[in-house]
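Structural characterization, general
Take a look at the letters that make up each chain.
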Amino acid sequence: MGGDGGDGTAPSAAAVVARAAPLLAEGGSVPGPEVDQQTQSSFASSGTLRHWAVDEAATAAAAESLVLEAPSCCSPGWPQLWSIVLMDTVNVIIVTLSLPDMAAAFFNGGVDPCAGGAGRDAPACQEALGKFAGLMTLLGLVSALLNFGLGPLVGAAADRLGTKPLFVASTLAKFVTGLFFAGLALGHLSIYYVLISTEVMALLPSKLTYGLWIVECTPPGHRSVTFARLGAATALEGIVAPLLAVLLTPKSAAMVVLALGCVVLVTAVVFLPGSPGAGASASGWPPESLPGAPRQQRVGQQLRGLLKLFAHPKYRLVVLLSLIGGALEAGFASIWFLYLKEKFGMTLQKMAPILSLTTLSNLVAQIWLIKPLQRRFGLKGIISMAFLSGIVTCTGYLLAPTPGVLLLVAAVSGLGSLADPGITAVITNLASADEGELGMTLGAAFSVGSISSIVGPLLFRALFVGGFPGLPFVFAIATDVLAVFVLSRVPSNLFPSTP
């Protein structure tokens, strides 16, 4: 779960977003055979997750005749969804860029120790940033564990209630974090309010709530394309971050975060369409087997979602691919900066063009290439290309004699970003045969991704420190080869054909 194109010239962030927005908001259809009458009526009657669930035989039959058209109840909501995703992404980038400097000042009595002549080499600066880095490492681990434990429960809640209530709750938590961030920027609040609120956000992570809305509103044949666009919309930091770093001061950053947070909250509450879930009834909350239900039922729901992915024959190999892909992505990101600094002595400023070009390459693959590639090679072919691209990318980083060669590697690395949306689409398509459990299955898959985000960095950093600097890339190449072999063992009938 891969990394984040043309002539090598990076366009402005505004130009990229302007070009991407029409495609991201695209909710239309492509010509294709009609689906069966039962499927048509379920599409028209509701957008809840349960209405994508059919029996095994119907799933196999429909795989040959899916149209890329969202159900009518969700069609008006695509512009709102992508607007929320893009604004949330900008907010995350702003907070990520601004928080280290704010933390340095907070831990140094309100004065930024990194702003003097010695800059970040000053002992006081390094001490303050070290405290902040230690806190972020701890909180990152806690967030991953929360994601792992709560993923199936959040997904099960979507099966019962629909995604709108969860989406609104997630948006509200992010808005509260924005308020605390503004208070920190203005010097009125402790940084611990911001850090604790980010842990609350981990209870309803954005990636999962976005994914739940997508599977609720997207037929199986279109999910890989939509998940790829989600990946593109949430991975703009390589382009947007340098621009925002130049333009924003801490106070202006706080105002932008607050303004965008208000717009996102209003859009989610008022304008984003939603529908009641399969478990909603006149009796109201709490539905059976959800957070308000007895403890034994909640634990059973959680374990059932996870065990189904690891124990059921139709999921095993796909989940193994998800673990491999997620661990490789997280591990690569954890040592990328250290490796370039060790091998070429590069600073963050010199790495910026490589990061920006990698992001552009990912955007091209995720927005413009995935649909024609899926039509030509199928979903299995796309996932295979992604792992093969990982082999090429890691070989390039391992053997590159100069930093300039890495620009070429970055330009062709975008296909690697298609592994995550492809595998996620396969898992949700398989789950369409499980009545009322599509959301729980996606939540369990998100929990698997949380495992990868912990294991990958630990493994790659151990290899980087314990061996020669290129050892993590040798390991990644071997693991990508293993992934291609595992993929070859997955039956082709688990991958729906594309019209």
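Residues numbered from 1 in each chain as written. Predicted model: local features only at pLDDT ≥ 70, side-chain atom pairs only at ≥ 80, totals over all residues. Heavy atoms only, no water.

1. Looking at the overall build of the protein chain
As a reminder, the rule being used: Put simply, DSSP marks the helices as runs of H or I at least four residues long and the strands as runs of E at least two long, and each gets a number from the N terminus on. A 1.4 Å probe rolled over the protein chains alone gives each residue an accessible area, and that area as a share of the maximum for its type sets the label: buried under 20%, exposed over 50%, partly exposed in between. The Shrake-Rupley method, run with a 1.4 Å probe sphere, supplies the accessible areas, and residue values consider only the shown protein chains as cover.
Per the secondary structure count, the protein chain includes 18 helices and zero strands. In the protein chain, buried positions account for 53% of the 499 residues. Counting only carbon and sulfur atoms, one obtains 68% of the accessible surface of the protein chain, whose full area is about 20,900 Å².

2. Focus: the pattern of salt bridges
What counts is decided by this rule: In what follows, salt bridge is the name for a side-chain nitrogen of Lys or Arg lying within 4 Å of a carboxyl oxygen of Asp or Glu.
Tallied over the full model, the rule gives two salt bridges. We note a salt bridge from D88 to K174, for which the minimum N-O separation is 2.5 Å. Of the two residues, D88 is situated in helix α4 (residues 78-106) and K174 in helix α6 (residues 164-185); the sequence distance between them amounts to 86 residues. Take K174: its relative accessible area is 15%, and that puts it in the buried class. The shortest N-O distance in the salt bridge between K207 and D420 comes to 3.3 Å.

3. Considering the nonpolar core
Going by this rule: The definition of a nonpolar core used throughout is a set of buried Ala, Val, Leu, Ile, Met, Phe, Trp, Tyr and Cys residues joined through side-chain atoms within 4.5 Å. Residue contacts follow a heavy-atom distance rule, with two residues in contact if any of their heavy atoms lie within 4.5 Å.
In this structure, L81, L340 and Y397 are the most contacted members of the largest nonpolar core, which totals 109 residues. With 13 residues, the single largest contributor to this core is α4. The contacts of Y397, once residues within four sequence positions are left out, are F332, W336, Y339, L340, K343, I354, L406, V409 and F473.

4. Brief notes about the packing of helix α13 (residues 313-344) against helix α18 (residues 471-488)
The criterion, for reference: The convention used is that axes are lines fitted to C-alpha atoms, helices contributing only their stretch in contact, and that angles between N-to-C directions extend from 0 to 180 degrees. Oblique is the label for any angle not covered by the other classes, which are roughly parallel (under 35 degrees), roughly antiparallel (over 145) and roughly perpendicular (65 to 115). Each helix crossing is assigned a hand: it is left-handed if the near helix lies turned anticlockwise from the far helix by less than a right angle, otherwise right-handed if that turn is clockwise. Classes in brief: Ala, Val, Leu, Ile, Met, Phe, Trp, Tyr, Cys and Pro nonpolar; Asp, Glu, Lys and Arg charged; the others, Gly included, polar.
Here α13 crosses α18 at 160 degrees, and the two axes come no closer than 10 Å. The orientation of α13 with respect to α18, classified from their angle, is roughly antiparallel. Read as a crossing pair, α13 and α18 show a hand that is left-handed. Within the contact between the two elements, α13 uses L317, L320, L321, I324, L328, F332, I335 and Y339 and α18 uses P472, F473, A476, T479, D480, L482, A483, V486 and L487. Looking at the contact of α13 with α18 residue by residue, the classes come out as 15 nonpolar, one polar and one charged.

5. Observations concerning helix α16 (residues 419-431)
Definition in use: What a helix should span is 1.5 Å times the count of its residues minus one.
Relative to the 18 Å expected for 13 residues at 1.5 Å per residue, α16 spans 18 Å between its end C-alpha atoms, a close match to the ideal helical length. The buried fraction of α16 amounts to 13 of the 13 residues, a majority that puts the element mostly inside the structure.

6. As for the environment of L442
Looking at the element boundaries, L442 is found in helix α17 (residues 438-466). Expressed as a C-alpha distance, the spacing of L442 and T428, which sit 14 residues apart in the sequence, is 6.3 Å.

7. Remarks on the side chain of T163
Mapping T163 onto the fold places it in the loop between α5 (123-161) and α6. On the basis of relative accessibility, which here comes to 2%, the residue T163 falls in the buried class. Not counting the four nearest positions on each side in its chain, T163 is found in contact with A158, L212, W213 and E216.

8. Considerations on helix α9 (residues 223-233)
Since the α-helix advances by 3.6 residues per turn, residues separated by three or four positions end up pointing in the same direction. The element α9 is largely enclosed, with a buried count of 10 among its 11 residues. Regarding α9, the residues found buried are R223, S224, V225, T226, F227, A228, R229, L230, A232 and A233.

9. Some points on the packing of α9 against α16
Contact geometry for α9 and α16: axes closest at 8 Å, N-to-C directions at 135 degrees. Accordingly, the angle class assigned to the pair α9 and α16 is oblique. Crossing angle aside, the handedness with which α9 passes α16 is right-handed. Counting all contacts with α9, which are made through R223, S224, F227 and A228, the residues of α16 involved are P421, G422, T424, A425, T428 and N429. Along the lines of polarity and charge, the residues of the contact of α9 with α16 split into four nonpolar, five polar and one charged.

10. Examining the packing of aromatic side chains
The cut-off we apply is this: Within 6.5 Å between ring centres, the rings of Phe, Tyr and Trp (the latter by its six-membered ring) count as paired, and their orientation is classed by plane angle as stacked under 30 degrees, edge-to-face over 60, tilted in between.
Scanning the model with the defined rule gives 12 aromatic pairs in all. Here F180 and Y193 contribute two aromatic rings whose centre-to-centre distance is 5.5 Å and whose plane-to-plane angle is 50 degrees, an arrangement assigned as tilted. Here F180 is found in helix α6, whereas its partner Y193 is found in helix α7 (residues 191-201), with 13 residues between them in sequence. Note on F180: relative accessible area 25%, which makes it partly exposed. Here the aromatic rings of F332 and Y397 are separated by 5.3 Å at their centres, their planes lie at 85 degrees, and the arrangement is edge-to-face. Here the residue F332 occupies a position in helix α13, and Y397 occupies one in helix α14 (residues 348-399), the gap between them amounting to 65 residues.

11. Examining a nonpolar patch on the surface
Threshold: By definition, no residue in a patch forms a salt bridge, and every one has over 30% relative accessible area; like charges are joined within 9 Å, nonpolar side chains (Val, Leu, Ile, Met, Phe, Trp, Tyr) within 5 Å.
A grouping of F106, Y192, I196, V200 and L203 is seen on the molecular surface, where their side chains present a nonpolar patch of about 440 Å² in accessible area. At three residues, α7 tops the list of elements feeding residues into the nonpolar patch. Looking at the secondary structure, you find L203 in the loop between α7 and α8 (206-217). According to the relative accessible area criterion, L203 is partly exposed, its value standing at 37%.

12. Details of the environment of L172
As for its position among the elements, L172 is in helix α6. Residues L172 and C262 lie 90 residues apart in sequence; the distance between their C-alpha atoms is 9.4 Å.

13. Points about the side chain of T218
Test applied: Think of a polar contact as two N or O atoms within 3.5 Å of one another; within protein, one of them needs to be a possible hydrogen donor and the other a possible acceptor, and neighboring residues in sequence only count if both atoms come from side chains.
One can find T218 in the loop between α8 and α9. One polar contact links the side chain of T218 to the main-chain carbonyl oxygen of I214, over a distance of 2.7 Å.

14. A word on the environment of S252
Within the element layout of this structure, S252 appears in helix α11 (residues 250-271). Relative accessible area serves as the criterion here: at 25%, S252 is assigned to the partly exposed category.

15. A look at the confidence of the model for the protein chain
This is how it is decided: Summary of the metric used: pLDDT quantifies the predictor's per-residue confidence within the range 0 to 100.
Considering every residue of the protein chain, the mean pLDDT works out to 80; 76% of them sit at 70 or more. Taking the mean pLDDT of every element in the protein chain, the minimum, 38, falls on helix α2 (residues 37-45) and the maximum, 97, on α18. Ignoring residues within four places in sequence, the model shows residues 1-72, a span with pLDDT below 50, making 139 contacts including any to other chains.

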